[in-house]
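Notes for the structure review
Chain by chain, the residues run as shown.
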Amino acid sequence: MTMLKNARSLRASTLCAAAVAVAAVVAGCGGGGSSPPPAVFTSPSTPSTVPTAVPPATSAGGTLSTSSSSSTAVTVGPIGANGNILTVRAGASNPATTLTVAFTLTQPNNVPAPASLRRLAQTIGGANISVIGFAQITANPGTTLPGWPGFSFTFGSGQTLPDPTHSYVAVYDPSNSSAGFTTIEGPASASGSLFTWSGTTQPVTLLAGNTYTFVMFSTTSTLSTPTPTPTPTPTATPTATPSPSPTPTPAWGTLTSSVSQVAMTVAGQTATVNVSESNYLGTFTAANGAASCTGIATIAPPSTGGPSATFTITAVAAGNCSYVISDNHGGAVGVAVTVTTTTGGISAVNRKEH
């Protein structure tokens, strides 16, 4: 009996000890009997998007609508990391036209590259050529200007400016590609970061669809450009009997054309082009432009005298071409020719097939 009591007492002590141990564990984990704090779940943070820097434009374009009575201009840009700006000025044109202007700091396609430009130093007439920028101009329709357009180039901030007294403009005419670039304007006049080149004063003809490329550049050489020759001051010669003053020769006017483009739809159809130049008694000459009219149309007469003349263009076959009518001192007008025929050999072949 005593042994049974002792066994029960030992078992009760063991259970009590176990209960105390469990309570201690719970108290240690739960902070003295308090409920554990609820778990907190956080969403992973989404990394913020860093905006990608937009690279500066390397080219810009614009449209210049010319006037038959006054000068007009267009400004394009800014381009490049520094923000360069170009303004193109054109004199009164005949007829009024639309000039598409493209401005770029990089080498345009289908024109001599800067390396070639240096090899053409004899054509440009300078050494150590450094390109400032390019402008490309396309006319539609063709027109005659009182001279090549003038240009103003505004350098962006932070740029080292070239010497304006050795900065020029040269032109590349695709219809006379063998001539390469020819210097036409300069040196530049400068006002701070603005360089300006005045247009030329000899009339030029822009053929429809031709893209003329102008390069603004600096060089270590002093170049010559087409400038009017000053009239010398006459020296008075004392004579016993005064000589009669010679009758002054009237100055030539501007060569003009009644049309800048003609369109014909039947082989054998004709179109008339009237040209005139006041006070001009020399010869007007008609020649193929670019593209040539050989096989597409004919023009007659090949040459005739001024001050006015009539040329007749006759359609031969379908195609697009141009003629250039010029005087003997650099004046010229272009006439774009379009021939579209809907009858002829092709229609005859179709009828045979049926």
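Keep in mind the model is a prediction, meaning the values are calculated, not measured. (Residues numbered from 1 in each chain as written. Predicted model: local features only at pLDDT ≥ 70, side-chain atom pairs only at ≥ 80, totals over all residues. Heavy atoms only, no water.)

1. What to know about the overall build of the chain
Note the cut-off: Going along the chain from the N terminus, every DSSP run of H or I of four or more residues is numbered as a helix, and every run of E of two or more is numbered as a strand. Note on exposure labels: buried denotes an accessible area under 20% of the residue type's maximum, exposed denotes more than 50%, and partly exposed covers the range between, all computed with a 1.4 Å probe on protein chains only. We call two residues in contact whenever any of their non-hydrogen atoms come within 4.5 Å of each other. Per-residue and other accessible areas were derived by the Shrake-Rupley procedure at a 1.4 Å probe size, with only the shown protein chains allowed to occlude residues.
The secondary structure content of the chain amounts to four helices and 22 strands. Residue burial in the chain is summarised as follows: out of 354 residues, 34% are buried. Residue pairs in contact within the chain that sit at least 24 positions apart in sequence constitute 70% of those at least 6 positions apart. With the model as given, the accessible surface of the chain reaches about 20,400 Å², and the carbon-plus-sulfur share is 58%.

2. Quick notes on the side chain of Ser322
Structurally, Ser322 can be placed in strand S21 (residues 319-326). Since its relative accessible area comes to 5%, Ser322 is described here as buried. Contact partners of Ser322, with chain neighbours within four places excluded, come to Leu207, Asn288, Gly289, Ala290, Ala291, Cys293, Val335, Ala336 and Val337.

3. Quick word on unusual backbone geometry
Between Ala300 and the following residue, Pro301, the backbone shows a cis peptide bond with an omega angle of -5°. Position of Pro301 relative to the elements: it lies in the loop between strand S18 (297-300) and strand S19 (303-305). Here Gly306 and Pro307 are connected by a cis peptide whose omega angle stands at 10°. Inspection of the secondary structure assignment puts Pro307 in the loop between S19 and strand S20 (308-315). Its identity is not glycine, yet Asn110 carries a phi of approximately 65°, on the positive side. Mapped onto the elements, Asn110 comes out in the loop between strand S4 (98-104) and helix H2 (114-119).

4. Remarks on the pairing of S21
The condition that has to hold: Being paired, for any two strands, means DSSP has found at least two bridges between them.
Of all eight residues that make up S21, six are buried, and the element is covered over most of its length. Bridge analysis of strand S17 (residues 283-288) against S21 gives four bridges, and the strand direction is antiparallel. Bridge pairing in S21 places Ala286 opposite Ile325. Between the antiparallel neighbours S21 and strand S22 (residues 332-339) lie five residues, among them Gly330 with a positive phi of about 100°.

5. What about the sheet that holds strand S3 (residues 84-90)?
Our working rule: In this description, a line fitted to the C-alpha atoms serves as the axis of each element, helices being fitted only across the stretch in contact, and the angle between N-to-C directions of two axes falls anywhere from 0 to 180 degrees.
Strand order in the open sheet made by the five strands is S2-S3-S7-S11-S10, with antiparallel pairing throughout. Looking at which strands have only one partner, the edges of the open sheet turn out to be strand S2 (72-79) and strand S10 (189-191). The sheet shows a mean angle of 15° between the axes of neighbouring strands, direction not considered. Pairing of S10 with strand S11 (residues 194-197) involves three bridges; the strand directions are antiparallel. Residue pairing in the sheet places Ala190 in a bridge with Phe195 of S11.

6. Observations concerning the environment of Ala271
Structurally, Ala271 can be placed in strand S16 (residues 270-276). On the accessibility criterion, Ala271 (14% relative accessible area) is buried. In this structure, the C-alpha to C-alpha distance between Ala271 and Thr312, residues 41 residues apart in sequence, is 5.8 Å. In this structure, Ala271 is in contact with Val262, Met264, Phe311, Thr312 and Ile313, ignoring residues within four places of it in sequence.

7. Here's the deal with the confidence of the model for the chain
Close reading of the predicted structure is inappropriate where its pLDDT is low. Which entries qualify depends on this criterion: Note on scores: pLDDT gives the predictor's confidence for each residue, bounded by 0 and 100.
Per-residue confidence for the chain gives a mean pLDDT of 81; residues scoring 70 or more make up 70%. At the low end of the mean pLDDT range in the chain sits helix H4 (residues 345-353), at 40; at the high end sits strand S7 (residues 150-154), at 97. Of the regions scoring below 50 in pLDDT, residues 227-233 engages in one contact with residues more than four places distant in sequence or in other chains. Low pLDDT, under 50, characterises residues 344-354; the predicted model gives this stretch one contact beyond four residues in sequence or across chains.

8. Quick look at the packing of aromatic side chains
Worth spelling out the cut-off: Only the six-membered ring of Trp is used, alongside the rings of Phe and Tyr, when aromatic pairs are assigned; centres must lie within 6.5 Å, and planes under 30 degrees apart are stacked while those over 60 apart are edge-to-face, with the rest tilted.
All told, the structure shown has 11 aromatic pairs when counted by the stated rule. Residues Phe151 and Phe214 carry aromatic rings whose centres are separated by 5.1 Å and whose planes lie at 50° to one another, so their mutual orientation is tilted. Of the two residues, Phe151 is situated in strand S7 and Phe214 in strand S13 (residues 211-218); the sequence distance between them amounts to 63 residues. Each member of the pair Phe151 and Phe214 is classed as buried. An aromatic cluster of at least three residues, connected via ring pairs, comprises Phe103, Phe153, Phe155, Phe195 and Trp197.

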